[in-house]
Amino acid sequence: MTTYVSWLGASFAAVAAAFSTNAPETRIAVVGAGAVGCYYGGRLHDSYDRLGSETEVVFHLRGEHYDHCVANGIDVKSYNGDFRISADKLRACKTTEEMASGAAFDWVVCCLKSTSLDEVPELIDPLMSDNTRLLIIMNGLIEEDLITKMRERQRSKGLEGMNAKAIYGGMALICSNRLSPGQISHTYGGKLVCGVAYSQDADDDDSGKWTEQDKSAILSLFEPVQSVPFEFEPNLRRGRWWKNVWNLPFSGLSCSMGGVTVDKIVTDPSLRSIAYKVINETIDIANADLKRMGCSEDEFLGKETGEEMMTLSDNMGAYRPSTMIDLLARNPMEVRYLFREAINRADSLGVPCPHLETVVCHIEAYQREHNLF
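Residues numbered from 1 in each chain as written. Predicted model: local features only at pLDDT ≥ 70, side-chain atom pairs only at ≥ 80, totals over all residues. Heavy atoms only, no water.

## Considering helix α6 (residues 143-156)
With 14 residues, α6 extends 20 Å between its outermost C-alpha atoms, agreeing within 8% with the 20 Å of an ideal straight helix rising 1.5 Å per residue. Every buried residue belonging to α6 is among Glu-143, Leu-146, Ile-147, Lys-149, Met-150 and Gln-154, and all of these are buried. Taken end-on, α6 shows its buried residues confined to a sector of 165°, consistent with a single buried face. In α6, the exposed residues that point more than 90 degrees away from the buried face are Glu-144 and Ser-156. Looking at the residues trailing α6, positive phi occurs at Gly-158, about 75°. (Helix = DSSP H or I, 4+ residues; strand = E, 2+ residues; numbered from the N terminus. Expected span 1.5 Å × (residues − 1). Buried < 20%, exposed > 50% of the residue type's maximum accessible area, 1.4 Å probe, protein only. Arc of directions from axis to C-beta.)

Here you go:
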């Protein structure tokens, strides 16, 4: 059963009382602080700061984004309530080595795109310890390669193991764009769903086993963040496919059509029809994948998941998915883990997905034409 966190009905005093000034300081590193990282990292900072907690949130920023933020702070315009982190309260660093100069981090929240997956183990290495929990909020079916790369990083240092207490995968159902350095626009959504990819305490074989301590740790992290609807997903693979039911049809069609916004997809009858076909194919692949890993039919995705994603999109407005923004800006695109891996999984399972494959082939053609790797 999925666990939900909502303190919207709790009194502010009751929440604040949970954080004694004598409580040990918690340190959170936010790596990849763009549109998604600044939003969730900012919500963590804002919520704990309002409670007077000793929790420290440190942001990894680069280039002009860093220069602007250290001078002016981070401003988030959100349909769910604006907030800002003033320059005097912002802790920001240009490198993860600089971030690691203080006490050890309890949490690392990594919000890089999957195009940077190869860089993640080395980038976060200075921040990690056997007691650090890693939450990686990223699109696509990434966990197997991420864990392999992190183990390889350890072996390159002559060490065994994972150098992490636990690794969580995060699925963010959010419309958030970075308009300019330090300026984030959050126009819709915001739900964050997380599951466990690796647990040191579960004697894990990299199959997503977890302990109650792993679950309670991440629930506790987000309990004070009243503005973020949070869910714990017991089966991370299922959670990844749940998010793919939105990503593959809507990010996919947005890109395959050369850069159209979500409102165009849901209001054009032909595109809406194709979106439904891709949704249904994605659910078929997901359930075949879940069956292969031994899940019961109770854990399968149902048609209601497709309706959930279509309803969300109907109310999303002229949202520009990040993959579409990258296409138009001629930046590297998240194709391998977000799109192609789903097709590879379908092929290995013998699940036909002609509409999804057509969409993905169009995207890959754009990627090759403009060298967006």
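## Focus: the packing of aromatic side chains
Counting across every chain of the model gives seven aromatic pairs. Ring centres of Tyr-39 and Tyr-40 lie 5.2 Å apart, and the angle between their planes is 80°; this geometry places the pair in the edge-to-face category. According to the relative accessible area criterion, Tyr-40 is buried, its value standing at 1%. Aromatic side chains Tyr-79 and Tyr-188 sit 5.8 Å apart centroid to centroid with 35° between the ring planes, which places their arrangement in the tilted category. Within this pair, whereas Tyr-79 is found in the loop between β4 (74-78) and β5 (83-85), its partner Tyr-188 is found in strand β10 (residues 183-199), the two being separated by 109 residues in sequence. (Phe/Tyr/Trp six-rings, centres within 6.5 Å; stacked < 30°, edge-to-face > 60°.)

## Let's talk about the side chain of Ser-199
For Ser-199, the position within the fold is in strand β10. Among the residues examined, Ser-199 registers a relative accessible area of 0% and is labelled buried. Reaching out from Ser-199, the side chain makes a polar contact with the backbone nitrogen of Asp-201 at a distance of 3.3 Å. Separated by 3.2 Å, the side chain of Ser-199 and the backbone nitrogen of Ala-202 make a polar contact. (Polar contact = N/O pair within 3.5 Å; in protein donor to acceptor, adjacent residues only side chain to side chain.)

## Focus on the packing of helix α10 (residues 269-292) against helix α14 (residues 354-370)
Between two packed helices, what matters for the description is the angle formed by their axes and the separation of those axes. Where α10 contacts α14, the two axes come as close as 8 Å, and the packing angle between them is 110°. The pairing of α10 with α14 is recorded here as roughly perpendicular in orientation. On α14, the residues that touch Lys-277, Val-278, Glu-281, Thr-282 and Ile-285 of α10 are Pro-354, His-355, Leu-356 and Val-359. Looking at the contact of α10 with α14 residue by residue, the class counts come to five nonpolar, two polar and two charged. (Axes fitted to C-alpha atoms, helices over the stretch in contact; angles between N-to-C directions. Parallel < 35°, antiparallel > 145°, perpendicular 65-115°, else oblique. Contact = heavy atoms within 4.5 Å. Nonpolar A, V, L, I, M, F, W, Y, C, P; charged D, E, K, R; others polar.)

## A few points about the environment of Thr-95
By secondary structure assignment, the location of Thr-95 is in the loop between β6 (91-93) and α4 (96-99). Once the C-alpha coordinates of Thr-95 and Glu-297 are considered, the two residues, 202 residues apart in sequence, prove to be 46 Å apart. For Thr-95, the side chain forms a polar contact with the main-chain nitrogen of Glu-98, separated by 3.0 Å.

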